Amino acid sequence: MVAHGFTGSWRERPARRIVHVLSAYGGVIAFDFRGHGRSGGESTVGDKEILDVAAAVRHARATGYRRVAVVGFSMGAAVAVRHAGLCEGADAVVAVSGPARWYYRGTKPMRQVHWIIEQPLGRWAARMAKRTRIAVGRWDPIPMPPHEAAALISPTPLLIVHGDADAFFPLDHARQLYEGAREPKELWIEPGYGHAESAATPELVRRIGKWISSNFS
């Protein structure tokens, strides 16, 4: 199962390319989070989206899949980790380019993301340009951050993938996730890899597919 990043969609070319590569290793289900693309509702940017993953996992089980791996990118990575820690259903989790904690503004792209989320003009631009509808207001209560949820995933295997050229989240996010998790866990630091779906090469996606297969054998 593939969970896209903020303002993304399974219909976009990078996500479809990832689905195509992963399909060599098993059936793949991709979906749009709430407030994205053709899905209804409004994005809560990583909070209630765990319910979207839970619904998709239930659908996969009803379709006949006995084992389900959730592969999340960026916001989808945070959601995949939080879902695995707080809900049941995933048999393996892959978090690619994900944040470890909330409210990070240490890079220019993330300051821009916060402007989009917090400002009326930013939310309007996201709706017009990316078909992303963002809920107004702050989280209340603040959801458990990914690095804390990671501690609850075991014994489900967790793979954390992060690039050393990620312009959104530096490597300390990946390391914080890894340190917060319990075994079984793996951390891949990818040289030259940027951020999320758009930078994921077919070779990297194939390695992820092989990792999933090895944990399902």
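Residues numbered from 1 in each chain as written. Predicted model: local features only at pLDDT ≥ 70, side-chain atom pairs only at ≥ 80, totals over all residues. Heavy atoms only, no water.

## Some thoughts on the nonpolar core
Then step 1. In terms of nonpolar packing, the biggest core is built from 38 residues, with Met1, Phe31, Phe33, Val53, Val81 and Leu158 touching the most fellow members.
Then step 2. Broken down by secondary-structure element, the contributors of at least two residues to this core are helix H2 (49–63), helix H3 (75–86), strand E4 (92–96), helix H4 (108–118), strand E5 (158–163) and helix H7 (171–180).
Then step 3. Contacts of Met1, omitting those with residues within four sequence positions, involve Ile29, Phe31, Val53, Ala56, Val57, Ala60, Val68, Ala69, Val70 and Val71.
Then step 4. Core analysis: the second largest hydrophobic core is formed by 22 residues, Val161, Tyr193, Trp211 and Phe216 among them. (Core = buried A, V, L, I, M, F, W, Y, C linked by side-chain atoms within 4.5 Å. Buried < 20%, exposed > 50% of the residue type's maximum accessible area, 1.4 Å probe, protein only. Helix = DSSP H or I, 4+ residues; strand = E, 2+ residues; numbered from the N terminus. Contact = heavy atoms within 4.5 Å.)

## Re the packing of H4 against helix H5 (residues 120–130)
Then step 1. Packing of H4 against H5 leaves a shortest axis separation of 5 Å and a crossing angle of 95 degrees. Between H4 and H5, the interaxial angle falls into the category roughly perpendicular. From H4, Trp115, Ile116, Ile117 and Glu118 reach across to H5, where they touch Pro120, Leu121, Gly122, Arg123 and Ala126.
Then step 2. Taken together, the residues that form the contact of H4 with H5 break down as six nonpolar, one polar and two charged. (Axes fitted to C-alpha atoms, helices over the stretch in contact; angles between N-to-C directions. Parallel < 35°, antiparallel > 145°, perpendicular 65-115°, else oblique. Nonpolar A, V, L, I, M, F, W, Y, C, P; charged D, E, K, R; others polar.)

## Comments concerning the packing of helix H1 (residues 13–22) against helix H9 (residues 202–216)
Then step 1. Contact pair H1 / H9: the axes reach a minimum separation of 9 Å and the direction vectors enclose 45 degrees. Here H9 runs oblique to H1, going by the angle between their axes. In the crossing of H1 with H9, the sense of the turn from one axis to the other is right-handed. Two secondary-structure elements touch here, H1 through Ile18, Val21 and Leu22 and H9 through Pro202, Val205, Arg206 and Gly209.
Then step 2. For the contact of H1 with H9, the residue count by class is five nonpolar, one polar and one charged. (Left-handed = near helix turned anticlockwise from the far one by under 90°.)

## Thoughts on unusual backbone geometry
Then step 1. Geometrically, the link from Asp140 to Pro141 is a cis peptide bond, its omega value of 5 degrees lying close to zero.
Then step 2. Mapped onto the fold, Pro141 is located in the loop between H5 and helix H6 (146–149).
Then step 3. Look at Ser97: it is not a glycine, yet its phi comes out positive at around 60 degrees.
Then step 4. For Arg131, which is not glycine, the phi torsion reads 55 degrees and is therefore positive.
Then step 5. Assignment of secondary structure puts Arg131 in the loop between H5 and H6.

## Observations regarding a nonpolar patch on the surface
Then step 1. Together, Trp115, Leu121, Trp124 and Met128 give the surface a local cluster of nonpolar side chains, amounting to about 460 Å² of exposed area.
Then step 2. With three residues, H5 is the largest single contributor of residues to the nonpolar patch.
Then step 3. Assignment of secondary structure puts Trp115 in helix H4.
Then step 4. Given a relative accessible area of 41%, Trp115 falls into the partly exposed group. (Patch = residues over 30% accessible without salt bridge, like charges linked within 9 Å, V, L, I, M, F, W, Y side chains within 5 Å. Areas by Shrake-Rupley, 256 points an atom, 1.4 Å probe, with all protein chains shown as cover. Salt bridge = Lys/Arg side-chain N within 4 Å of Asp/Glu carboxyl O.)

## Details of the packing of aromatic side chains
In this description, a pair of aromatic rings is defined by centroid distance and the angle of the planes.
Then step 1. What the rule picks out here adds up to four aromatic pairs.
Then step 2. When the centroid spacing of 5.1 Å and the interplanar angle of 80 degrees are considered together, the rings of Phe31 and Phe33 count as edge-to-face. Of the two residues examined, Phe31 and Phe33, each falls in the buried class.
Then step 3. Here the aromatic residues Trp102, Tyr103 and Trp139 are joined through ring pairs into a cluster of three or more.
Then step 4. Against the face of Tyr178 rests Lys185, its NZ or CZ located 4.3 Å from the ring centre.
Then step 5. Across from the ring centre of Trp188, 4.4 Å away, lies the NZ or CZ of Arg207, which sits over that ring. (Phe/Tyr/Trp six-rings, centres within 6.5 Å; stacked < 30°, edge-to-face > 60°. Lys NZ or Arg CZ within 6 Å of the ring centre and 35° of its normal.)

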